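Residues per chain, in single letters:
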Amino acid sequence: MPAQPATTPASPARARRRRPPDRRDIILRAAAKAFSDNGYHAVRLDDIAEAAGMSAPALYRHFPNKYALFAQTARMLADELATAVGEVPAEPDDPELELRGLLSALTGAAIENRRTGGLYHWEADYLQGDDARHVRDIVVGQHRRIRQVVRAARPALDHDSADLITAAMTSTVASPATHRAALGHRQIDALISAAAMSLIDTPVPAGHPRVEDSPTTGLSPTSRREVLLAESTKLFAAHGFREVTIDDIARAADLPASGVYRHFESKSAILLAAFWRTSDRVTAMIADALSSSSTPEEALVALVNRYVGLSCTNNDMLSVYVKEIGNLAPAQRTELRSQQRINVEEWAAWLTRARADLTSVQARFLVQAALNVTIDLTRPRRRPAPEQISALALRVLLGSRYRSDGVEVGQ
């Protein structure tokens, strides 16, 4: 009798070896999470392959290099965003209904991509050519549709005000993808969609004309360590941590390379010191805001105004914090993020005192949304006036309690 094969086509062993039909999607999901958590440069293809349950050579059969994988990941997430928006029907006779549908759809997309949504903060810095155009066209198309509906719902709004409100709405609905606070999906959708929708009636101050950023004025510190931190932060913001060398930092600080090492043992040590400087400034800002306030509402106004001021005058520092934290060791990231959570909880505590209708978790979501609005609106070279950003962030936090004269009234 001839020998039987060790396994038959239907055997369990054969089934376990069969490649799953969605292997490419598994790779892209693993890559999206890795890039979102750690940043483009800090991610290794071997790490993605391991997360996807495959070997590195097998991954290379799907994507020839890291950029190709990153670009396809960004395209995938952008396409999903386009699909979510495209499924919302036009409502020419009821623009507010259409706007609610759009905001809910985008909130749902952010919820579904909570482990991967960090890409949207910095994807444009790394995408090239057709990939950059593909993602940009989707983002711009989404913005234009929302702005058109906003103007249909509020015909009295001028183009610039509608543009600004649309940008704040988009940032608000994207905010669930920027943190890990836990809340049911339906609750997140209801809370964040409503906060974004409330922006349509925000009493946005006229503010000053939007102008290009001007070079930093004033005196610079004389301490070599402070000069190194300041110049390094500028370089990291402009070129990315991985692209900047110790020699670059030394030249910017007018020092020899050996002079850098007298203050910092490595480039990573400079980055860590810059992150803690940012964290310490935010923590000190909170204490300062509270010391000048006598009610929860006043505390929130002071917190928002100071955070907006910090973001406008230290944009490079906050940009580096958002984009480059993946270049730190895991333990260092955990420690920084723990302090960040403490700061958010402090804001949330005062928000629940101002708004008895919110739970502490809901308050944390709204705080994260207001912070996200501030960061996003201070990133462009032509940014809104600080008082306009503050008005929108306060509206996210306080809803209709925020009035045009900047006074909040409990309701």
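For the structure itself, look to the data block above.
Residues numbered from 1 in each chain as written. Predicted model: local features only at pLDDT ≥ 70, side-chain atom pairs only at ≥ 80, totals over all residues. Heavy atoms only, no water.

## Focus: the overall build of the protein
At step 1: Scanning the protein from terminus to terminus reveals 18 helices and zero strands.
At step 2: Here the protein holds 411 residues, and the buried ones make up 49% of them.
At step 3: Look at the contacts in the protein between residues 6 or more apart in sequence, and 73% of them connect residues 24 or more apart.
At step 4: Carbon and sulfur atoms make up 52% of the accessible area of the protein, which amounts to about 20,100 Å² in all. (Helix = DSSP H or I, 4+ residues; strand = E, 2+ residues; numbered from the N terminus. Buried < 20%, exposed > 50% of the residue type's maximum accessible area, 1.4 Å probe, protein only. Contact = heavy atoms within 4.5 Å. Areas by Shrake-Rupley, 256 points an atom, 1.4 Å probe, with all protein chains shown as cover.)

## Let's talk about the pattern of salt bridges
At step 1: Tallied over the entire structure, the rule returns 15 salt bridges.
At step 2: Arginine 29 is paired through a salt bridge with glutamate 80; the nearest N and O atoms lie 2.2 Å apart. With arginine 29 in helix H2 (residues 23-38) and glutamate 80 in helix H5 (residues 66-86), the pair connects residues that are 51 residues apart, well separated along the chain.
At step 3: Look at arginine 29 and you get partly exposed, because its relative accessible area is 31%.
At step 4: Assessed through its relative accessible area of 27%, glutamate 80 is described here as partly exposed.
At step 5: In this structure, the salt-bridge partner of aspartate 201 is arginine 154, at a minimum N-O distance of 2.8 Å. Of this pair, aspartate 201 sits in the loop between helix H9 (185-198) and helix H10 (224-239) while arginine 154 sits in the loop between helix H7 (129-153) and helix H8 (159-174), and the two are 47 residues apart along the sequence.
At step 6: Arginine 154 gets classed as partly exposed once you look at its relative accessible area, which sits at 21%. (Salt bridge = Lys/Arg side-chain N within 4 Å of Asp/Glu carboxyl O.)

## What about the side chain of histidine 143?
At step 1: In this structure, histidine 143 sits in helix H7.
At step 2: Take histidine 143: its relative accessible area is 18%, and that puts it in the buried class.
At step 3: Non-local contacts of histidine 143, meaning those with residues more than four positions away in its chain, are made with Asp163, Thr166 and Ala167.

## Quick look at the side chain of threonine 202
At step 1: By the element assignment, threonine 202 lies in the loop between H9 and H10.
At step 2: The class of threonine 202 is buried, set by a relative accessible area of 7%.
At step 3: A polar side-chain atom of threonine 202 sits 2.8 Å from the main-chain carbonyl oxygen of leucine 199.
At step 4: Threonine 202 has contacts with Ala391, Leu392 and Arg395, leaving out every residue within four places of it along the chain. (Polar contact = N/O pair within 3.5 Å; in protein donor to acceptor, adjacent residues only side chain to side chain.)

## Notes on helix H16 (residues 330-354)
Note that an α-helix has 3.6 residues per turn; residues three or four places apart therefore point the same way.
At step 1: With 25 residues, H16 ought to run about 36 Å at 1.5 Å a step, and its terminal C-alpha atoms sit 36 Å apart, in line with that.
At step 2: For H16, the complete set of buried residues consists of Arg333, Leu336, Asn343, Val344, Trp347, Ala348, Trp350, Leu351 and Ala354.
At step 3: At its buried positions, H16 is contacted by H2, helix H13 (267-291), helix H14 (296-313), helix H15 (315-324), helix H17 (360-378) and helix H18 (386-398). (Expected span 1.5 Å × (residues − 1).)

## Comments concerning the packing of H8 against H9
Packed helix pairs are specified by the crossing angle of their axes together with the interaxial distance, meaning the distance between the axes.
At step 1: Two numbers describe how H8 lies on H9: the axes approach to 9 Å, and their chain directions differ by 170°. Taken together, the axes of H8 and H9 are roughly antiparallel relative to one another. Within the contact between the two elements, H8 uses Met169, Thr172 and Val173 and H9 uses Ile192, Ala195, Ala196 and Met197.
At step 2: In the contact of H8 with H9, the residues fall into six nonpolar, one polar and no charged. (Axes fitted to C-alpha atoms, helices over the stretch in contact; angles between N-to-C directions. Parallel < 35°, antiparallel > 145°, perpendicular 65-115°, else oblique. Nonpolar A, V, L, I, M, F, W, Y, C, P; charged D, E, K, R; others polar.)

## Considerations on the packing of H5 against H7
At step 1: H7 packs onto H5 with a crossing angle of 20° between their chain directions and a minimal axis gap of 9 Å. It follows that H5 is roughly parallel to H7 by the angle criterion. Crossing of H5 over H7 shows left-handed handedness. Residue-level contacts link Tyr67, Ala71, Ala74, Arg75, Ala78, Asp79, Leu81, Ala82, Val85 and Gly86 of H5 to Asp130, Asp131, His134, Val135, Ile138, Gln142 and Arg145 of H7.
At step 2: Tallied by class, the residues present in the contact of H5 with H7 amount to nine nonpolar, three polar and five charged. (Left-handed = near helix turned anticlockwise from the far one by under 90°.)

## Brief notes about the environment of valine 344
At step 1: Secondary-structure assignment places valine 344 in helix H16.
At step 2: Of the residues examined, valine 344 reaches a relative accessible area of 5% and is grouped as buried.
At step 3: Measuring from C-alpha to C-alpha, the distance between valine 344 and phenylalanine 365 comes to 9.4 Å, with 21 residues separating the pair along the chain.
At step 4: Ignoring any residue separated from it by four or fewer positions in sequence, one finds valine 344 in contact with Arg364, Val367, Gln368 and Leu371.

## Concerning unusual backbone geometry
At step 1: You will see that aspartate 254, though not glycine, has its phi angle at about 60°, which is positive.
At step 2: Looking at the secondary structure, you find aspartate 254 in the loop between helix H11 (246-252) and helix H12 (257-261).

## A word on the nonpolar core
At step 1: Among the nonpolar cores identified, the biggest contains 71 residues, and Leu99, Met169, Trp347, Leu351 and Leu397 are the most heavily contacted of them.
At step 2: Ranked by residues supplied to this core, first place goes to H17 with eleven residues.
At step 3: Other than its neighbours up to four places away in sequence, leucine 351 contacts Leu300, Leu358, Ala363, Leu366, Val367, Leu397 and Leu398.
At step 4: Grouped together as the second largest cluster of nonpolar side chains are 30 residues, Ala31, Tyr67, Leu69 and Tyr126 included. (Core = buried A, V, L, I, M, F, W, Y, C linked by side-chain atoms within 4.5 Å.)

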